[in-house]
Amino acid sequence: MPPTPSPGRTSQARRDRIVHLATTTGLASVEELSQLFDVTPSTIRRDLARLTTEGRLARTYGGAMALAAHPEASLRQRTGEAYEEKRAIAQWAARQVEPGETLLLDAGTTVGALAHELRAAKELTIATTGLTALHALADAEGVHVECLGGTLRPLSQGFVGPLTEAALERMSFDRVFLGADGVTVDRGICEADLRQTRLKELMSRRADHVYVLAHGAKLGRAPFHAWATLAGEWTLVTDASAPAAQIRAFEARGVRVEIAPPAGE
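The model shown is predicted, which means the values in this text are computed figures rather than measured ones.

Calculation criteria
- Residues numbered from 1 in each chain as written.
- Predicted model: local features only at pLDDT ≥ 70, side-chain atom pairs only at ≥ 80, totals over all residues.
- Heavy atoms only, no water.
- Helix = DSSP H or I, 4+ residues; strand = E, 2+ residues; numbered from the N terminus.
- Buried < 20%, exposed > 50% of the residue type's maximum accessible area, 1.4 Å probe, protein only.
- Contact = heavy atoms within 4.5 Å.
- Salt bridge = Lys/Arg side-chain N within 4 Å of Asp/Glu carboxyl O.
- Axes fitted to C-alpha atoms, helices over the stretch in contact; angles between N-to-C directions.
- Parallel < 35°, antiparallel > 145°, perpendicular 65-115°, else oblique.
- Left-handed = near helix turned anticlockwise from the far one by under 90°.
- Nonpolar A, V, L, I, M, F, W, Y, C, P; charged D, E, K, R; others polar.
- Phe/Tyr/Trp six-rings, centres within 6.5 Å; stacked < 30°, edge-to-face > 60°.

### Quick word on the side chain of T129
Step number 1: Among the structural elements, T129 can be located in the loop between strand 5 (124-128) and helix 7 (131-137).
Step number 2: For T129, a relative accessible area of 2% gives the class buried.
Step number 3: T129 has contacts with L105, D106, A107, L148, Q157, G158, F159, T164, L199 and M203, leaving out every residue within four places of it along the chain.

### Remarks on the pattern of salt bridges
Step number 1: On inspection of all chains with the given rule, the structure shows 13 salt bridges.
Step number 2: With its nearest N and O atoms 3.5 Å apart, the salt bridge here joins R153 to D193. With a gap of 40 residues between them, R153 in strand 7 (residues 151-153) and D193 in the loop between strand 11 (188-191) and helix 9 (194-204) connect regions that are remote in the sequence. One exposure class covers both R153 and D193, and it is buried.
Step number 3: With a shortest N-O distance of 3.3 Å, E191 and K200 are connected by a salt bridge. Here E191 and K200 have matching classes, each one buried.
Step number 4: By sharing partners, the salt bridges in this structure join R14, R15 and D47 into a single network.

### So, the environment of L178
Step number 1: Of note, L178 is situated in strand 9 (residues 173-178).
Step number 2: Note on L178: relative accessible area 0%, which makes it buried.
Step number 3: A sequence separation of 71 residues divides L178 from A107, and the C-alpha atoms of the two residues are 7.7 Å apart.
Step number 4: Those residues in contact with L178, other than ones at most four positions away along the chain, are D106, V111, I189, K200, M203, S204, V210, Y211, V212, L213 and L230.

### Here's the deal with the packing of helix 5 (residues 83-95) against helix 6 (residues 109-117)
Step number 1: Relative orientation of the contacting elements helix 5 and helix 6 amounts to 50°, with a least axis distance of 8 Å. Comparing their axes, helix 6 and helix 5 come out oblique. Crossing hand, helix 5 versus helix 6: right-handed. Side by side, helix 5 and helix 6 meet where K86, R87, I89, A90, Q91, A93 and A94 of the first sit next to T109, T110, A113, L114 and E117 of the second.

### A closer look at the packing of helix 2 (residues 30-37) against helix 3 (residues 41-53)
Step number 1: At a minimum axis separation of 9 Å, helix 2 and helix 3 run at an interaxial angle of 110°. Between helix 2 and helix 3, the angle is such that the two are roughly perpendicular. In this structure, the crossing between helix 2 and helix 3 has a hand that is right-handed. For the pair formed by helix 2 and helix 3, the contact residues are V30, E31, L33, S34 and F37 on the first element and P41, I44, R45 and L48 on the second.
Step number 2: In the contact of helix 2 with helix 3, the residues fall into 6 nonpolar, 1 polar and 2 charged.

### Some thoughts on the packing of aromatic side chains
Step number 1: With the rule as written, the count across this model stands at 3 aromatic pairs.
Step number 2: A ring pair is formed by F177 and Y211, whose centres lie 4.8 Å apart and whose planes are at 15°; its orientation type is stacked. Residue F177 is found in strand 9, and its partner Y211 is found in strand 12 (residues 207-213); the two are separated by 34 residues along the sequence.
Step number 3: On the accessibility criterion, Y211 (4% relative accessible area) is buried.
Step number 4: Each ring, one from W234 and one from F250, has its centre 6.3 Å from the other, and the planes form 85°; the classification is edge-to-face. Placement of W234 in the loop between strand 13 (226-228) and strand 14 (235-239) and of F250 in helix 10 (residues 244-252) is noted, with a sequence separation of 16 residues between them.
Step number 5: Residue F250 is classed as buried on the basis of its relative accessible area, which comes to 1%.
Step number 6: An aromatic cluster is present here, built from W92, F177 and Y211 joined pairwise through their rings.

Dropping the structure here:
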């Protein structure tokens, strides 16, 4: 039989795991950690107190959070991540679009993949806040393109700020397609920048149909502390890698979930 880990080693492994969870998913609550590790809340509180003393976490009311924000990857770094999953989602989303519609496209790689799928479309008007979508559609003959300019965020390659918001107020849309760094049942869309989350909320209010494009690894993920709450009905479009528990949780909240088939099918 393998040796039984000593209590000290088990406690250290649990504390290391707590730091990892707080860093990768955002806030860690006492109750959630207690259930996850099958220990008492008082044990978790002692762990958090020790980790705070060691300078590995910062205490919050009811839990703890990572000391430093999760580093935001640049759009260039994210382009090759989950390529097939993003392509599958983009192809599903493109099939929802009808000729003659007016669309609003967010910044980001998955929405950029959708823009690429729409290059051959006819009689579309597409407004966007993302440079990726603009580049994809710049020479698309059947698409009329509107750029919602403003302040450019180099990391996300998207426009934000009051000028973008002012331009947005002058239009309405049949469909809006939003990207996300993470999306959770309780909080909505997670992003690195408060200006981005505010803009996503405003974008969602200007369209008849709202879609959030997020591959499976982004479901339940909270790498940052800026959030966009979506009011009204919206559709989460993900892929076959999405955890079944996450899908059930979103559906239980009344969110329509669509699983995109593999690209090309």
